[in-house]
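So you can see what is in the structure, the chains are spelled out below.
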Amino acid sequence: MAAVAGTRQSQHQAEPIIKVSNLCNRFGEHVVHEDLDLNLFRGEILGVVGGSGTGKSVLLRSIIGLRKPTSGNIRVFGETLDALSPRARSRMEQRFGVLFQGGALFTSLNLQENIAVPLIEHAGLKRPDAERVARMKLALTGLPPDAALKYPAELSGGMVKRASLARALALDPEILFLDEPTAGLDPIGAAAFDELIVTLRNALGLTVFLVTHDLDTLYSTCDRVAVLSQKRVLVADTLETVAVNPDEWIQDYFNGPRGRAASYAAANRTQRQQGENV
Amino acid sequence: MEPRPSQSQASDPIGSRPGNARFESGGLTITGDWTLSGYHSLLQQLAALPAGAKTPDRLDLSALEHIDTAGASVLASFLGPETLEQHVSAEEILPEEKAALLLAVARSLEDWQEPLPPKVSPVRLFLGHTGQQVEALGHLIWVLLGFIGQTLATLAWVLPRPKRWRVTPFVASIQDTGLNALPIVALLTFLVGAVVAFLGATVLEDFGATIYTVNLVAFSFLREFGVLLAAILLAGRTASSFTAHIGAMKVNEELDAIRTLGLSPIELLVLPRVLAMMISLPILTFVGMMAGMVGGALVCVLSLDITLTQFLAIVERDIALRHFLVGISKAPVFAFLIAVIGCLEGFKVGGSAQSVGEHTTSSVVQSIFIVILLDAIAALFFMEMGW
C-alpha cells in the first residue's frame, strides 16, 4: 500500500485525466456546488466522501455528462464533453465505465445479454462472440457460471453489484466511476468487493472515481480521499493527511465511533500482512 | 511498482497491428494487438492452428503490443487457464501490467465452465408453450374470481364501518376517472353519433325511410354505444393507469410496506378505485348517450331536413325508457370489472420494468375483451327477454 501511495505521489505532477474547475451546480434556489475544484490522476483510486446531500452523486453525474453543470469547466482527457460532436462524445463515453448505485441493469435482459449490449453496439462484435466476452467479464467479477443466464430480478444485491461492475468493464474502460459500490452489501460481501476493485485496478490499469459512505472501503482501497463539504472539495489528499484536518465534519467522520473502528481494523490488517511477509 | 505505460502514451494507436499467433516447433508466438477490436479474427487464427498448439512448450509474448481482457480471455480459453497461468508466471521479460492482466483473467476463468444452453426440440417447445398458455388462462380466471371475491368481502366488511371509509382517495379517484375523462368521452361519442346518423341516412334513403335515422341513433346509443364506448375508453385510459400505478408501487415495495403496517392494500388501494369507477362510468355513459344523440341530431338537422322538434318528438314517441335503463344498467358491472382487472394486474407485476409494461398491456386487453364479451351476452339476454 505504501509503495502504491508513493507511486501516486510521483504522478501528481502529471496532467490530471479529469480536471474539474470552478464547478457550480444549482437546483433552483438550492446551491449544491460552488467553485468546486477536483483532479483525478491516472491509475489512482479516488474516494469521494461527504455527508448526505453534499452533492457527491451530482458531482459524478456532472463529470460523466448526465447533468449539465450550471457553470464551470470539466475536462476529461483534456476535452470538454459538451463541446464534442455526438460521435466524438460517444467515443469518449466508451472510455468510461459507470456503476450506478442501484446497479441499473436492464431488467428485461439476462446478465450476459446486459453485458453484451455495449459490446455489440460499440465494439461491433457478433452476438455469440459478445456473449462469450460477456461471460468472461462475469467470471472476472467473480460471479458463478450459472449466473450468466439469470435475470437481474433473480439476483442478490451483491450479485447485482458485481454484474453491473462487469457491464461497466465491458469495453475495458480507462476510468471507472463507482457510485456507492458497497452500499447495501453485507460486510463480508463489501470487503470482497473492495478487494475486487483493487485487484481489477492493478490488473487492468484502471483509474477509479469512487463515491462512498463506507469507511472500510476508504481505508482498504483509496489512494486519495476528497471530502465534499460546504459546497466544495474541502480537502483532497491521502487518507492520513485528510484524517488530521481540523474541520469539524472531517473530525466527526474519521474520529467518530465508526471511523475509529474502521481505522483500527485497517491498522490490524496491515499489521497482519506485515507479519505474514516477515 | 513502476508507473504503468498507459495506452494513450504508447506510440501506436491501439489496433494498428493486428494480433497474430504462430506455432513453430513446439513454441507458440503471440504478436501484435490482442484487443476487443480484433476479437473475431483472433478466435479464427487460434482455431486454425494445429492441435499441438494447445499444449506448447514455450509461450513467447515478447512481441505482444497491447492486450485487454477480451484478448486475454481468447488466449486463456484456447490454452486453458492453468496452462496460461504457468507460462505467464514463468515469463520474465513480460511487463508487469500485462502479466497481471493475463493472470487476473486466467484465474477468474479457472473455475468457470461454459453454461450449457438447454436443447429442446421445437415440437416439444411448441406443445409446452401451448400447455403453458392454457394453464395460464385457467389460472388467470381462477385468480380473477378469487380477487373479485376478496374485493367484495372487503367491501362488505368496510361498508358498515363508516370510520374506515376512504373518502378522499375515493373522491380524487372520481375526479381522475370520471371528470377528467368527460371531454374525451363526450367528443368521441358525439363523432360516432354523427357517423351512425350518416350511415343510417345512406342506407335508409333507398327505402325512403330517412326519418328512421332518428330511431337508429337513439336506439343504438341508449342500448349499446353509449355504455360500450365509454367503457372501452375507460378500459384504455383508467385500467392501464391503475395497473401502472399499483405495479410501480409493487416494484418499489410500497405494497409490502402497506401490509407490514397492518393495513390492507385492497381496502386502501382497490376499494376506492373500484367504487369511484362504479360512480364514474354510469355518469360517463349518460354523457356518452346524450353526446351521441346530439351528434346524430346535428346531422339530421343539417343534412337530412329533419328539424330538431321532429327529432325530439320521434324520440319521445318511439323510444321507451326501458332502452335507457337497459343501457345504463350495464355500466356499473363493466366499471367493476374494468377496475378489478386493472388493480389485479397491478398486483401481479414482478420485479422488472418490463413486467409493468406487460401487465399494463394485459389489463387493457383483458378489460376490453371482457366488456365486449359481456355486452354481447347481455344483448342476447335482453333481446330474449323482450326488454
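Just so it is clear, the model here is predicted, and its values are computed rather than measured. (Residues numbered from 1 in each chain as written. Chains lettered and ligands numbered in written order. Predicted model: local features only at pLDDT ≥ 70, side-chain atom pairs only at ≥ 80, totals over all residues.)

For the rest of this paragraph, the subject is unusual backbone geometry. Even without being a glycine, Ala104(A) presents a positive backbone phi close to 55°. Secondary-structure assignment places Ala104(A) in the loop between strand S5 (96-99) and helix H4 (111-121). The backbone of Asp305(B) shows a phi angle near 55°, a positive value even though the residue is not glycine. (Helix = DSSP H or I, 4+ residues; strand = E, 2+ residues; numbered from the N terminus.)

All names here are of chain B. Their axes nearest at 9 Å, the elements helix H3 (residues 81-90) and helix H4 (residues 96-109) cross at an angle of 155°. The angle between H3 and H4 places the two elements in the roughly antiparallel class. The two elements H3 and H4 meet at a crossing, and its hand is left-handed. Judged by residue contacts, Pro81, Leu84, Glu85 and Val88 of H3 engage Ala99, Leu102, Leu103, Ala106, Arg107 and Leu109 from H4. (Axes fitted to C-alpha atoms, helices over the stretch in contact; angles between N-to-C directions. Parallel < 35°, antiparallel > 145°, perpendicular 65-115°, else oblique. Left-handed = near helix turned anticlockwise from the far one by under 90°. Contact = placed C-beta atoms within 7 Å.)

Here the focus is the interface of chain A and chain B. Facing 28 residues of chain A, the contacting portion of chain B comprises 27 residues. Elements supplying a minimum of two residues to the side of chain A that touches chain B: helix H1 (2-11), helix H5 (127-140) and helix H7 (187-204) of chain A. Residues belonging to the side of chain A that touches chain B are distributed by class as follows: 14 nonpolar, nine polar and five charged. (Nonpolar A, V, L, I, M, F, W, Y, C, P; charged D, E, K, R; others polar.)

Here we take up the sheet that holds strand S1 (residues 18-27) of chain A. All names here are of chain A. Spatial strand order, S2-S1-S4: three strands in an open sheet with antiparallel pairing. Both outer strands of the open sheet, strand S2 (30-40) and strand S4 (71-76), are each paired with one neighbouring strand and no more. Averaged over all pairs of adjacent strands, the angle between strand axes in this sheet comes to 20°, irrespective of strand direction. One ladder, built from five bridges, connects S1 with S4; its direction is antiparallel. Residue pairing in the sheet places Cys24 in a bridge with Ser71 of S4. The strands touched by helix H2 (residues 56-63) within the sheet are S1, S2 and S4, with S1 carrying the most contacts at an inclination of about 120°. (Pairing = 2+ DSSP bridges.)

Attention now moves to the sheet that holds strand S8 (residues 224-229) of chain A. Residue and element names in this part refer to chain A. With mixed pairing, six strands are arranged side by side in an open sheet as S5-S6-S7-S3-S8-S9. Looking at which strands have only one partner, the edges of the open sheet turn out to be S5 and strand S9 (232-237). Ignoring which end each strand starts from, the neighbouring axes of this sheet average 15° apart. In the sheet, S8 pairs with S9 via five bridges, with the strands oriented antiparallel. Within the sheet, the bridge partner assigned to Val225 lies in S9 and is Asp237. Set on the sheet, H2 makes contact with strand S3 (45-50), strand S6 (175-179), strand S7 (207-211) and S8; between it and S7 the angle comes to about 145°.

Residue and element names in this part refer to chain A. Along the polypeptide, Gly55 turns up in the loop between S3 and H2. For Gly55, a count of 22 C-beta atoms within 10 Å corresponds to the buried category. Residues Gly55 and Arg232, spaced 177 residues apart in sequence, show a C-alpha to C-alpha distance of 9.3 Å. Each residue touching Gly55, except ones within four places of it in the same chain, is listed here: Asn25, Val32, His33 and Leu228. (Buried ≥ 20, exposed ≤ 12 C-beta atoms within 10 Å, placed from the backbone.)

Residue and element names in this part refer to chain B. Its 24 residues place the ends of helix H7 (residues 182-205) 34 Å apart at the C-alpha level, agreeing with the 34 Å of an ideal helix rising 1.5 Å per residue. Among all positions of H7, only Val185, Thr189, Phe190, Val192, Gly193, Ala194, Val196, Ala197, Gly200 and Ala201 are buried. Elements in contact with the buried residues of H7: helix H8 (213-251) and helix H10 (265-303). (Expected span 1.5 Å × (residues − 1).)

Our next topic: the UniProt feature "transmembrane region" (unreviewed entry) in chain B. Mapped onto the present numbering, the UniProt feature "transmembrane region" (unreviewed entry) falls on residues 140-160, 181-204, 216-236, 281-304, 324-344 and 364-383 of chain B. Between the first and last C-alpha atoms of residues 364-383 of chain B the distance is 28 Å; the span itself is 100% helix and 0% strand. (UniProt positions renumbered as here; feature names shortened; annotations may be inferred.)

The subject of this paragraph is the nonpolar core. Leu46(A), Leu138(A), Phe177(A), Val208(A), Leu210(A) and Val105(B) are the most contacted members of the largest nonpolar core, which has 99 residues in total. Of the residues forming this core, the biggest block, seven residues, is contributed by H5(A). Ignoring sequence-local partners within four residues, the contact set of Val208(A) consists of Ile45(A), Leu46(A), Leu176(A), Leu178(A), Ile197(A) and Arg201(A). In terms of nonpolar packing, the next biggest core, distinct from the first, is built from 57 residues, Leu222(B), Ala276(B), Met289(B) and Ala297(B) among them. (Core = buried A, V, L, I, M, F, W, Y, C linked by C-beta atoms within 7 Å.)

Here we come to the pairing of strand S1 (residues 20-24) of chain B. Residues and elements named next belong to chain B. Where S1 and strand S2 (residues 27-34) come together, five bridges link them in antiparallel fashion. The residue bridging Glu24 from the neighbouring strand is Gly27, located in S2. Where S1 hands over to S2, the hairpin turn is made up of two residues, of which Ser25 adopts a positive phi near 40°.

All names here are of chain B. Among all positions of H3, only Pro81, Leu84, His87 and Val88 are buried. Each buried residue of H3 lies within a common arc of 135° when the element is viewed along its axis, so the set occupies one face. Next to the buried residues of H3 lie strand S3 (58-67), helix H2 (69-79) and H4. (Arc of directions from axis to C-beta.)

All names here are of chain B. When you line up the elements, Glu92 lands in the loop between H3 and H4. On the neighbour-count criterion, Glu92 (6 C-beta atoms within 10 Å) is exposed. Spatially, the C-alpha atoms of Glu92 and Ser62 are 9.7 Å apart, while their sequence positions differ by 30 residues.

For chain B, per-residue confidence averages 87 on the pLDDT scale, and residues scoring 70 or more make up 95% of the total. Across residues 1-11 of chain B the pLDDT falls below 50, and counting only partners more than four positions away or on other chains, this stretch makes 14 contacts in the model. (pLDDT = per-residue confidence, 0-100.)

Axis separation between H7(A) and H4(B) bottoms out at 7 Å; the angle between their running directions is 130°. By the angle between their directions, the pair H7(A) and H4(B) is classed as oblique. Here Thr199(A), Asn202(A), Ala203(A) and Leu204(A) of H7(A) lie close against H4(B), whose contacting residues are Ala100(B), Leu101(B) and Ala104(B). Taken together, the residues of the contact of H7(A) with H4(B) break down into five nonpolar, two polar and no charged.

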